[in-house]
Amino acid sequence: MLAPLAASAIWGGMYVVSKWSFAAVPPLALVFVRVALGGAVLWGVVRATKPDRSFTRRDWAGFAALALVLTASLSAQFVGTDRTTAAQGSLVTVLTPVFTLAFGVALGESLGPRKLGGAAVALAGTVVLLAGRYDPATLAAGEWVGPGLLVVAAATYAAYTAFGKPLVRRYSALEAATYATLLSVPAFGLLALAEFRFWDAGAASVTVTPALVGAVLYLGVGSTALAWYLWYKGLERADAGTVGVTFVAQPAVGVALGALLLGERVGPLFLVGGSVMAVGVALVATAGDG
């Protein structure tokens, strides 16, 4: 559970970094750069550690299917993030483990009372934590295209998690993450080109600054190459539903970083919600897999 928890912690800062970056780079252009950089890093590691691996056509088809799901998920996530408030984005994020549990059950994973109860406790704790940070009235503000896209992102990332499990178990977390990422790069490139051509030509006038380079490195190396590897690493030994529950750490870390780095205030509900969430994750982690 430590590997996917670490991935969720890395993603806790991703919302803030990507939201800030949209002021300089359009969302689809930014996600293309993120995935291309992350794929290059993963490819270098694979070539250094597993240079002679070969795959069947069926395996390549599986990697390609994961790439398509990944493209849909991240595109919806970045465009949705660009169109949401922090409260909306954080609450919609909580849906990811719910979808992951559902996909896991559909694929034959067991869902005993301890795992189901732990997931419910973890989600309840996350809602309490976020309620202490955001005004519920803000959820009604603005359009719902952004939150709707984030629901799509949550569902498709859950599918990426659950349907990637056979390839992770057959080969490794590193290889599954690498080849799914590399095969998605052309699709992200086409979407970025369409964004530039039809919706937003801002990518042509981007001013490269040290802060923007740091943000891209965080998104590409940290939240893509490292975090995707860690996420799939959890699937080597745990069910998709078990791994998915660790996703609740993302909004918790995001709120904590906001308080630590941006001086945002958090009330006692943060500690209460975080404690309840931790209990739920612990229950799932010790439930065992079927």
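Here's what I pulled together on the structure shown here. Computed from a predicted structure; not experimentally measured. (Residues numbered from 1 in each chain as written. Predicted model: local features only at pLDDT ≥ 70, side-chain atom pairs only at ≥ 80, totals over all residues. Heavy atoms only, no water.)

## A short note on helix α3 (residues 27–49)
Helix length check: α3 (23 residues) gives 33 Å between terminal C-alpha atoms against 33 Å at 1.5 Å per residue, within 8%. Regarding α3, the residues found buried are Pro-27, Leu-28, Ala-29, Leu-30, Val-31, Arg-34, Val-35, Gly-38, Gly-39, Leu-42 and Val-46. Looking at the packing, one finds that the buried side of α3 touches α1 (2–12), α2 (14–21), α4 (57–82), α10 (173–199) and α11 (210–235). (Helix = DSSP H or I, 4+ residues; strand = E, 2+ residues; numbered from the N terminus. Expected span 1.5 Å × (residues − 1). Buried < 20%, exposed > 50% of the residue type's maximum accessible area, 1.4 Å probe, protein only. Contact = heavy atoms within 4.5 Å.)

## Observations regarding the environment of Leu-107
Within the secondary structure, Leu-107 sits in the loop between α6 (95–106) and α7 (113–133). Between the C-alpha atoms of Leu-107 and Ala-162, which are 55 residues apart in sequence, the distance is 7.9 Å. If sequence neighbours within four positions are ignored, Leu-107 has contacts with Ala-162 and Phe-163.

## Focus: the pattern of salt bridges
Opposite charge on two side chains makes pairing possible when the charged atoms of those side chains draw close. Applying the stated rule across the entire model yields three salt bridges. One salt bridge in this structure joins Asp-239 and Lys-165, with 2.8 Å as the shortest N-O distance. Taken together, the residues span a long stretch of sequence, with Asp-239 in the loop between α11 and α12 (240–245) and Lys-165 in helix α9 (residues 165–170) at a distance of 74 residues. Comparing Asp-239 with Lys-165, the two get one shared label, buried. Linking Lys-233 and Glu-236 is a salt bridge whose minimum nitrogen-to-oxygen distance equals 2.9 Å. (Salt bridge = Lys/Arg side-chain N within 4 Å of Asp/Glu carboxyl O.)

## Observations regarding the packing of aromatic side chains
Taken as a whole, this structure holds 18 aromatic pairs when the rule is applied. Ring centres of Phe-55 and Phe-63 lie 5.2 Å apart, and the angle between their planes is 85 degrees; on these two criteria the pair is classed as edge-to-face. We classify Phe-63 as buried; its relative accessible area is 0%. Taken together, a centroid distance of 5.9 Å and an interplanar angle of 70 degrees make the contact between Trp-60 and Phe-63 edge-to-face. Separated by three residues within a single helix, Trp-60 and Phe-63 lie in helix α4, roughly one turn from each other. By relative accessible area, which is 35% here, Trp-60 ends up partly exposed. (Phe/Tyr/Trp six-rings, centres within 6.5 Å; stacked < 30°, edge-to-face > 60°.)

## Things to note about the environment of Leu-183
Looking at the secondary structure, you find Leu-183 in helix α10. Residues Leu-183 and Trp-60 lie 123 residues apart in sequence; the distance between their C-alpha atoms is 9.5 Å. Apart from the residues within four sequence positions on either side, Leu-183 is in contact with Trp-60, Phe-63, Ala-64 and Ala-67.

## Description of α10
For α10, which comprises 27 residues, the first-to-last C-alpha distance of 36 Å matches the rise-based estimate of 39 Å (1.5 Å per residue) to within 8%. At Val-185, α10 is bent by approximately 35 degrees, the largest bend along its length, and proline Pro-186 sits one to four residues beyond. (Bend = angle between axes of the 7 residues up to and from the residue.)

## Quick word on the nonpolar core
The tendency in soluble globular proteins is for nonpolar side chains to be buried side by side. Grouped together as the largest cluster of nonpolar side chains are 50 residues, with contacts concentrated most on Trp-11, Tyr-160, Trp-228, Trp-231 and Tyr-232. Residues contacting Tyr-232, with those up to four places away along its chain left out, are Leu-66, Tyr-160, Thr-161, Gly-164, Val-168, Ala-173, Ala-176 and Ala-177. Core analysis: the next-biggest nonpolar cluster, separate from the first, contains 14 residues, Ala-119, Ala-252, Phe-270 and Val-284 among them. (Core = buried A, V, L, I, M, F, W, Y, C linked by side-chain atoms within 4.5 Å.)

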